[in-house]
Amino acid sequence: QVQLVESGGGLVQPGGSLRLSCAASGVTSSIYRMSWYRQAPGKERELVAGITMTYGTTNYADSVKGRFTISRDNAKDTVNLQMDSLRPEDTAVYYCNAASNYGWGYWGQGTQVTVSS
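Residues numbered from 1 in each chain as written. Predicted model: local features only at pLDDT ≥ 70, side-chain atom pairs only at ≥ 80, totals over all residues. Heavy atoms only, no water.

### A look at the sheet that holds strand 1 (residues 2-7)
Thinking step 1. Spatial strand order, 1-3-8-7: four strands in an open sheet with antiparallel pairing. The sheet is open, and its two borders are formed by strand 1 and strand 7 (68-73), each paired with just one other strand. Pairs of neighbouring strands in the sheet enclose a mean axial angle of 15 degrees, with direction left out of account. (Pairing = 2+ DSSP bridges. Helix = DSSP H or I, 4+ residues; strand = E, 2+ residues; numbered from the N terminus. Axes fitted to C-alpha atoms, helices over the stretch in contact; angles between N-to-C directions.)

This is the structure we're talking about:
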């Protein structure tokens, strides 16, 4: 089992920055990839960014490329999402996801990000 705890959400003005963190605990050695998803009201959950834990290979949704940066700290079993140049359309609940080598997927409880003036 893996447990995920997100932190760092909040209210920010357009053009501002936020940094989200996701701390994993439990059988973290089984995790090969961690990702951030988001879900806005009335919309489906979508992938924002992902990173592989061994090689640090990253991928991003087109809508956040050049503005968001995902990073990992294997020593702390933590994944971060640095979000810059935030826009109102980035408003959503952001969820951390961990994919294990055994085929299991784990989700955090979500953290609200609101971009508004």
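Back to the write-up after that little detour.
### Description of the packing of aromatic side chains
Thinking step 1. Under the criterion given, the structure shown has two aromatic pairs.
Thinking step 2. Considering the side-chain rings of Y37 and W107, the 5.0 Å spacing of their centres and the 65 degrees angle between planes classify their relative orientation as edge-to-face. Note that Y37 is positioned in strand 4 (residues 31-39) and W107 in strand 10 (residues 105-107), a separation of 70 residues in sequence.
Thinking step 3. Feature note: the residues Y37, Y95 and W107 constitute an aromatic cluster, connected by ring pairs.
Thinking step 4. Stacked on the ring of Y95, the Lys or Arg R45 has its end atom at 3.8 Å from the ring centre.
Thinking step 5. In this structure, R45 packs its charged tip against the face of W107, placed 4.6 Å from the ring centre. (Phe/Tyr/Trp six-rings, centres within 6.5 Å; stacked < 30°, edge-to-face > 60°. Lys NZ or Arg CZ within 6 Å of the ring centre and 35° of its normal.)

### Here we look at the state of the cysteines
Thinking step 1. Summed over all chains, the structure comprises one disulfide.
Thinking step 2. Paired by a disulfide, C22 and C96 hold their sulfur atoms 2.1 Å apart. Torsion about the S-S bond of the C22 and C96 cystine: about -85 degrees, corresponding to left-handed handedness. Of the two residues, C22 sits in strand 3 (residues 18-26) while C96 sits in strand 9 (residues 92-100), which places them 74 residues apart along the sequence. As far as burial versus exposure is concerned, C22 and C96 are alike and both buried. (Disulfide = S-S within 2.5 Å. Buried < 20%, exposed > 50% of the residue type's maximum accessible area, 1.4 Å probe, protein only.)

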